[in-house]
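Next come the chains, spelled out residue by residue.
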Amino acid sequence: MRHLRVIIFITAIVSFTASSEAQKLTKAERRAKLDSMLAARYYRTPYDTNYVIRPEGKLTLKARVNQSGNSYYAEGDLYGTKAEADLSTDNKTTLSLSVSYRGLSLGVAINPEKLSGAYKDYELNVNYFSSRLSLDLSYQRSESLSGDITVGDQTAHMEAGLIRMSVVNATAYYIFNHRRFSYPAAFTQSYIQRRSAGSWLAGISYQGGSLKTTDEMLRKYSDVADTRVYVGHVGIGGGYGYNLVLGKKWLFHLSALPSFVVYNRNNMEVNGVRQDAAHVRFNMLFNERAAIVHNFSSTYFAGATLVMNNSLFKDDEVTTNQNKWRVRAFFGIRL
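Remember, predicted model here, so these are calculated numbers, not experimental data. (Residues numbered from 1 in each chain as written. Predicted model: local features only at pLDDT ≥ 70, side-chain atom pairs only at ≥ 80, totals over all residues. Heavy atoms only, no water.)

K.L.:
Could you clarify how one ought to interpret the nonpolar core in this entry?
P.N.:
The tendency in soluble globular proteins is for nonpolar side chains to be buried as a group. Judged by nonpolar contacts, the single largest core of 22 residues is most densely connected at Tyr183, Phe187, Leu201 and Leu251. Put simply, the parts of the chain that give this core at least two residues each are β10 (163–175), α3 (183–187), β12 (197–213), β14 (250–264), β17 (284–295) and β18 (300–314). Element by element, the count of residues in this core is highest for α3, at 4 residues. Apart from the residues lying within four places of it in its own chain, the contact partners of tyrosine 183 are Phe129, Ser134, Tyr173, Ile175, Leu201, His253, Ser255 and Arg289. (Core = buried A, V, L, I, M, F, W, Y, C linked by side-chain atoms within 4.5 Å. Buried < 20%, exposed > 50% of the residue type's maximum accessible area, 1.4 Å probe, protein only. Helix = DSSP H or I, 4+ residues; strand = E, 2+ residues; numbered from the N terminus. Contact = heavy atoms within 4.5 Å.)

So, in structure tokens, the structure goes:
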């Protein structure tokens, strides 16, 4: 009986060990299968591989420095006197790190001035790039708007904190030559442009937002009316983009998408009394992009990008121009 117990005990240990080894093998097989599926998805490119390819390596690490800002210019007639405002927000600087595995990315960004309390504005940027479609979306809420206001011959400097500005910019692109021209190669580096190519673009743009006097301004200046200016433009247009490849290591990108405003919801409200602008009026929205990417080798790359959104609105008495920009410098490693 004692020998029988020993045999059963040894058999159980052997069975448990074999089961653990089989389980380990199953997990390894599952990881291999998952990696194989991700690899198949990663290399299933929608592009003509004579022009655009995926970079080699499973893992991409990237460090970025981002800076953005917004400016607002207006001129017009104020009770028969020429008035002009030239304002801008504080620039925002962020540092970010991202990791990408087989095209799946995860990133984190910090704003040192926000952590120290020096930067109190809020900003959100979302970008999407595919072979056919591209999307830029940004939102900014700011009370750091400051600058010079001129009425007649008198110029005064407006301090930050007196006007609250909220701005939304959204632009969607369609790329016609999507087999040979790649936005991701210039802006996410998830592809590599091997040969120069360009494409006509079609797109729709929206730029909207508001300027409103804050409680601080109303307390500081008793003769200032409670004022809110709202701007909302929808534009449809077309443009062109080009990726220039030099020496197989340099990529230069330029693209522009001007659009005509087909509808607006512009209005102004003073002490609760609202006045609307004509909803259909000839105005323009402009969206521009630029990028430089240098591949030092198959492992290291670096570069910079620029995205700008501009609007030009002209009424019978008032002209406004708003400019939103974002610059990004980056350095990456592919493993």
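Here the narrative resumes.
K.L.:
Can you walk me through unusual backbone geometry in this structure?
P.N.:
Excluding glycine, most residues fall at negative phi; most peptide bonds, likewise, are trans. Positive phi, normally seen in glycine, also occurs at glutamine 189, with a value near 60 degrees. Mapped onto the elements of the fold, glutamine 189 is located in the loop between α3 and β11 (192–193). In this structure glutamine 189 comes out as buried when scored by relative accessible area, which is 3%. At lysine 248, a residue that is not glycine, the phi angle is positive and equals roughly 65 degrees. Within the secondary structure, lysine 248 sits in the loop between β13 (227–246) and β14.

K.L.:
Help me understand the side chain of histidine 294 in this model?
P.N.:
The residue histidine 294 is located in strand β17 in this model. What makes histidine 294 buried here is its relative accessible area of 13%. Engagement of the side chain of histidine 294 in a polar contact is seen with the side chain of tryptophan 250, the distance being 3.4 Å. Dropping the residues within four chain positions of it, histidine 294 is found in contact with Lys249, Trp250, Tyr300, Phe301 and Ala302. (Polar contact = N/O pair within 3.5 Å; in protein donor to acceptor, adjacent residues only side chain to side chain.)

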